[in-house]
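Results of the structural survey
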Amino acid sequence: MQSRFFLSAIGALVLQSIQGLAAPGSHPKQQSRATAIDTSTLNGKFFVGYQAWFRKPGEDNGNSHWTTDRPSPEVGHVGVDTIPDVTGYPQECLFDTPFIKPDGSAAQFYTNDCEGVVDLHFKMMADHGISGAFLQRFYGYINEANGGWDKILRFSKTAAEKYGRGFVIEYDLNGAATSSSNITATYLADLAALSDIISSSAYMRHNGKPVIEIWGMGIVTSVTPADGIAIVTALKRAGYYVILGVQQAWHAELVENQTGYGDVFKLADMLQPWTVGSYDNDNYQDFHDGRQAAEDKNALAELGIDSSIVVWPGGDNHNSNPSSPFNPDSRAHGDFYRKQLVGAVDLKPTFIFGAMFDENNEGTAIYPILHNKDLPTNQQFLGLDDDMAADAYLTMAGDAADKIAAAWA
Ligand SMILES: *[C@@H]1O[C@H](CO)[C@@H](O)[C@H](O)[C@H]1NC(C)=O
Ligand SMILES: *[C@@H]1O[C@H](CO)[C@@H](O)[C@H](O)[C@H]1NC(C)=O
């Protein structure tokens, strides 16, 4: 499976500090933010990507994602760099791991196919004013034996309706290949089978159409440009508003058409350049003022294509990919995320995409994770700074959600 992390990099430039969003360590929201969102438009929203794929190892064909190559989490074979803070999770959804915390207790993981987990995750989004989630549907999860992931999708629909959040199905092209299956036919059949999901009052619409995202066009090169054209054309004809998740350097590809994917990008209703790994805390501001403003905002506007800006808190995928260095300081105490949130609101895209709500494999999770002081000592993990509130990143995201909504009001 192709990692979404570090798809590109640019040179180190100048750091500028930006103020304006809640400081790390600020108190959790006192009042409920759970006023139902308007699901008829993406304008001015803040959605998070929801992997929802952390299942108890050994169940549902081993599609666990807690581990790399073993049926159970073991030291040296764990697939995640961050450990969720499971405070408040239903006990029946948790299981012990062999990772021992400083107080002698076992760190626990949750299983995502437990309804209480999905319910709690959408409640966290509602409590912090985050609009909802884009559910990641990998090619291998379509028609998955036991329907394990479909169950999670249905829990998400129920929870989104309950908490007044929106949700969208986001196909991830990883695992798909033009040479081995008809991707267009697979998607059309899948969407027909999920018609009760798409017709939910919580399912997002834009310009009167249900929204679908396809991530990885031009990145997952086993799907050819000609096939990309067929897929996007068919989904648009079927009445969907189509978002493509594409490489950060989509503009050069569209102008120079080196590989042919530029012709696919032009067909999208919206492009969402994937920026995770494209910059760091030191050179973000120049990236924002330069390429992101010129291309991801202005060039898209000229092309008549809507835009979505991706933000991420910093990341780490050392445990799942040991050749990638462990970088405990990539989040810079929240400064990196805060700057990007200010920058994204400033560009006023159609909506902001938070990568990701729960991505522990690549260390980009913004939901509560264990603090440094509580990290197990028998395996290296990335922790939350001890002086930050457990929900500090959710609070920052919620503040940005308020600001992008105000910019569109
Ligand atoms: C793939 O499926 C679509 C939708 O059913 C169909 O229109 C198309 O002709 C198929 N493509 C190929 C190469 O068979
Ligand atoms: C882009 O490249 C593809 C593949 O090389 C080619 O078929 C297509 O005609 C090109 N598009 C344009 C607009 O030149």
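Scroll up to find the structure this text is about.
Read on for an overview of the structure. Just so you know, these numbers come straight off a predicted model, no measurement behind them.

1. Focus on the overall build of the protein
Scanning the protein from terminus to terminus reveals ten helices and eleven strands. The C-alpha atoms of the protein give a radius of gyration of 20 Å, which matches the 22 Å a tight globule of 409 residues would have. Judged by the C-alpha coordinates and their principal axes, the protein covers about 55 × 50 × 45 Å. For the protein, the proportion of contacts with a sequence separation of at least 24, taken over those separated by at least 6, is 78%. If you sum the accessible surface of the protein, you get close to 14,600 Å²; carbon and sulfur atoms cover 50% of it. Across the protein, the centroid of the 28 positively charged side chains sits 6 Å from that of the 49 negatively charged ones.

2. Some points on the side chain of S324
Tracing the chain through its elements places S324 in the loop between β10 (306–311) and α9 (335–347). Residue S324 is classed as buried on the basis of its relative accessible area, which comes to 9%. Apart from residues no more than four positions distant in its own chain, S324 is found in contact with N317 and H318.

3. Some remarks on the site of ligand 2
Contacts to ligand 2 come from N257, G260, D263 and K266. Within the contact set of ligand 2, an oxygen atom lies 2.4 Å away from a side-chain nitrogen or oxygen of N257. With respect to ligand 2, the side chain of D263 contributes an N or O atom lying 2.8 Å from a nitrogen atom. Against a free-state accessible area of 360 Å², the protein chains account for coverage of 34% of ligand 2. Along the lines of polarity and charge, the residues of the shell around ligand 2 split into no nonpolar, two polar and two charged.

4. Comments concerning helix α5 (residues 225–237)
Taking 1.5 Å of rise per residue, the 13 residues of α5 would be expected to cover 18 Å, and the 18 Å separating its terminal C-alpha atoms lies within 8% of that figure. Here α5 has its buried residues at P225, D227, G228, I231, V232, A234 and L235. As for α5, its buried residues are in contact with α3 (183–193), β7 (209–217), β8 (241–247) and α7 (262–265). Following α5 by one or two positions, G239 adopts a phi angle in the positive range, close to 100 degrees.

5. Digging into the state of the cysteines
A full pass over the atoms with the stated rule returns one disulfide. The disulfide bridge from C93 ends at C114, spanning 2.1 Å between sulfur atoms. Between C93 and C114 the sulfur-sulfur dihedral comes to about -65 degrees; the bridge is accordingly left-handed. Note that C93 is positioned in the loop between β1 (45–50) and β2 (94–100) and C114 in the loop between β3 (106–110) and α1 (115–127), a separation of 21 residues in sequence. For C114, a relative accessible area of 14% puts it in the buried group.

6. Comments concerning the packing of aromatic side chains
For the structure shown, the criterion picks out 30 aromatic pairs. For the pair Y171 and Y187, a centre-to-centre distance of 3.9 Å together with 15 degrees between the ring planes defines the contact as stacked. Placement of Y171 in strand β5 (residues 166–172) and of Y187 in helix α3 is noted, with a sequence separation of 16 residues between them. You can call Y171 buried: its relative accessible area is 0%. Taking the relative accessible area as the measure of exposure, Y187 reaches 0% and is therefore buried. In this arrangement the basic side chain of R331 is found over the ring face of Y393, its NZ or CZ atom lying 4.8 Å from the centre. The cationic tip of K348 hangs over the ring face of W408; the distance from NZ or CZ to the ring centre is 4.6 Å.

7. Quick look at the pairing of β10
Within β10, five of the six residues are buried, which leaves the element mostly enclosed by the surrounding structure. Judged from the two bridges that link them, strand β9 (residues 270–274) and β10 form a sheet pairing that is parallel. Within β10, the residue paired with M270 across the bridge is D306. Once the chain exits β9 it traverses helix α8 (residues 284–303) before rejoining the sheet at β10, and the crossover so formed is right-handed. Bridging between β10 and strand β11 (residues 351–354) involves four bridges; their strand directions are parallel. Considered in β11, the bridge of V311 is made with G354.

8. Quick word on the packing of α1 against helix α2 (residues 148–163)
Contact pair α1 / α2: the axes reach a minimum separation of 9 Å and the direction vectors enclose 40 degrees. The angle between α1 and α2 places the two elements in the oblique class. Our pair here, α1 against α2, has a crossing hand that is right-handed. Two secondary-structure elements touch here, α1 through E115, V118, D119, F122, K123 and A126 and α2 through I152, F155, S156, T158, A159, A160, K162 and Y163.

Rules of the game
Residues numbered from 1 in each chain as written. Chains lettered and ligands numbered in written order. Predicted model: local features only at pLDDT ≥ 70, side-chain atom pairs only at ≥ 80, totals over all residues. Heavy atoms only, no water. Helix = DSSP H or I, 4+ residues; strand = E, 2+ residues; numbered from the N terminus. Rg over C-alpha atoms; globule rule 2.2 N^0.38 Å. Contact = heavy atoms within 4.5 Å. Areas by Shrake-Rupley, 256 points an atom, 1.4 Å probe, with all protein chains shown as cover. Lys, Arg positive; Asp, Glu negative; His and termini not counted. Charge placed at Lys NZ, Arg CZ, Asp CG, Glu CD. Buried < 20%, exposed > 50% of the residue type's maximum accessible area, 1.4 Å probe, protein only. Near = heavy atom within 4 Å. Polar contact = N/O pair within 3.5 Å; in protein donor to acceptor, adjacent residues only side chain to side chain. Nonpolar A, V, L, I, M, F, W, Y, C, P; charged D, E, K, R; others polar. Expected span 1.5 Å × (residues − 1). Disulfide = S-S within 2.5 Å. Phe/Tyr/Trp six-rings, centres within 6.5 Å; stacked < 30°, edge-to-face > 60°. Lys NZ or Arg CZ within 6 Å of the ring centre and 35° of its normal. Pairing = 2+ DSSP bridges. Right-handed = clockwise from strand over helix to strand, strands pointing away. Axes fitted to C-alpha atoms, helices over the stretch in contact; angles between N-to-C directions. Parallel < 35°, antiparallel > 145°, perpendicular 65-115°, else oblique. Left-handed = near helix turned anticlockwise from the far one by under 90°.

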